[in-house]
Amino acid sequence: MTERFSGGGFIDDDVEAYIYDLLPARDDVISEIEKQAIERSIPIIGPAVARVLQQYAVAINARRVFEMGSAIGYSTIWLARAVGPAGKVYYTDGGEENAAEARGYFERAGVMDRIEVLTGNSMELIEQVGGEFDLIFNDVDKHQYPEAFQMALPHLRKGGLFITDNVLWSGRVARGDSDKDTEGVRELNRLIYASSDLHSTILPIRDGLAVCLKL
Ligand SMILES: C[S@@+](CC[C@H](N)C(=O)[O-])C[C@H]1O[C@@H](n2cnc3c(N)ncnc32)[C@H](O)[C@@H]1O
């Protein structure tokens, strides 16, 4: 299981395996989703990145969270546990089947009451839901990253976090690749460092995680 969640080879394999082996065992629901993700090649963030996401959410006392690209709800559950019973996480995904499956996991995890499940385009849904969020997690299709950034930023409170997965995209962003997904990730990375409204960092964990603090 360790290898399947590890990322772009930015950390030596044995060192990355060491990190994953240190992670505490997950509960039955999270373990079941991890198993499904491996068997069905669903690209979830995995437990090492999930812990970073959850740690940041807890650190800023996040209560209102918007997720762009939630698939079968793995990252959603980690965020829902971070916001606590008074919090709210907006799950958004384009797939009705994903949403139905995610609902089942949310019920089993006991967090359904703090999650709103929305299907459609995350960039349209954030406009429809409106208001400000403490944390926005972006994991939509990679060519849409610049648009996700533009739509998300106005909805992030000052002191809030915009976090994006896969920002090293197996290293392709640093090399000559020019497909639309690589270009999308590369442009997002340019935007987050160019913005004077943000303090941004890239953590080279798994496939790269960008953490942007709104100033
Ligand atoms: C990488 S997966 C998300 C994994 C999830 N964040 C996790 O770690 O558990 C990306 C998901 O985003 C969905 N998606 C991609 N672009 C989208 C968009 N513009 N609006 C809504 N969902 C989108 C895909 O259907 C897919 O289920």
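You'll find the structure just up there.
Being a predicted model, the structure only gives us computed values, none of them experimental.

1. Re the packing of helix 3 (residues 28-40) against helix 5 (residues 74-83)
Across the interface, helix 3 lies against helix 5 with an axial gap of 10 Å and an inter-helix angle of 155°. Classed by the angle they form, the pair helix 3 and helix 5 counts as roughly antiparallel. Two packed elements cross with a definite hand, and for helix 3 against helix 5 that hand is left-handed. On the side of helix 3, the interface is formed by V29, I30, I33 and E34, while helix 5 contributes Y74, I77, W78 and R81.

2. Some thoughts on the site of the ligand
Surveying the vicinity of the ligand reveals 21 residues, the closest of which are I45, D93, S122, D139 and Q144. Contact between the ligand and I45: an oxygen atom at 2.9 Å from a main-chain N or O atom of the residue. The side chain of N121 places a nitrogen or oxygen atom 3.4 Å from a nitrogen atom of the ligand. Of all the secondary structure elements, the ones that give two or more residues to the shell around the ligand are helix 5 and helix 7 (122-129).

3. Section: helix 5
Think of an α-helix as 3.6 residues a turn; residues three or four steps apart then line up on the same face. In terms of residue burial, helix 5 counts as a mostly covered element, since nine of its ten residues are buried. Within helix 5, burial applies to Y74, S75, T76, I77, W78, L79, A80, A82 and V83. After helix 5 finishes, the residue G84 shows a positive phi value of roughly 80°.

4. Let's talk about the sheet that holds strand 6 (residues 198-203)
Taken together, seven strands build an open sheet; the order of strands is 3-2-1-4-5-7-6 and the sheet is mixed. The open sheet has two edge strands, strand 3 (115-119) and strand 6, and neither has a second partner. Neighbouring strand axes in the sheet, compared pairwise and without regard to direction, differ in orientation by 15° on average. As paired strands, strand 2 (residues 88-93) and strand 3 are joined by five bridges and run parallel to one another.

5. What about the nonpolar core?
Residues I77, F106 and L135 are the most contacted members of the largest nonpolar core, which totals 45 residues. Residue contributions to this core peak at seven residues, all from helix 5. Residue contacts for F106: discarding those within four places in its chain leaves G73, T76, I77, Y91, V111, M112, I115 and V117. Residues L125, I126, F149 and L153 belong to the second largest nonpolar core, which totals 28 residues.

What counts, and at which threshold
Residues numbered from 1 in each chain as written. Predicted model: local features only at pLDDT ≥ 70, side-chain atom pairs only at ≥ 80, totals over all residues. Heavy atoms only, no water. Axes fitted to C-alpha atoms, helices over the stretch in contact; angles between N-to-C directions. Helix = DSSP H or I, 4+ residues; strand = E, 2+ residues; numbered from the N terminus. Parallel < 35°, antiparallel > 145°, perpendicular 65-115°, else oblique. Left-handed = near helix turned anticlockwise from the far one by under 90°. Contact = heavy atoms within 4.5 Å. Near = heavy atom within 4 Å. Polar contact = N/O pair within 3.5 Å; in protein donor to acceptor, adjacent residues only side chain to side chain. Buried < 20%, exposed > 50% of the residue type's maximum accessible area, 1.4 Å probe, protein only. Pairing = 2+ DSSP bridges. Core = buried A, V, L, I, M, F, W, Y, C linked by side-chain atoms within 4.5 Å.

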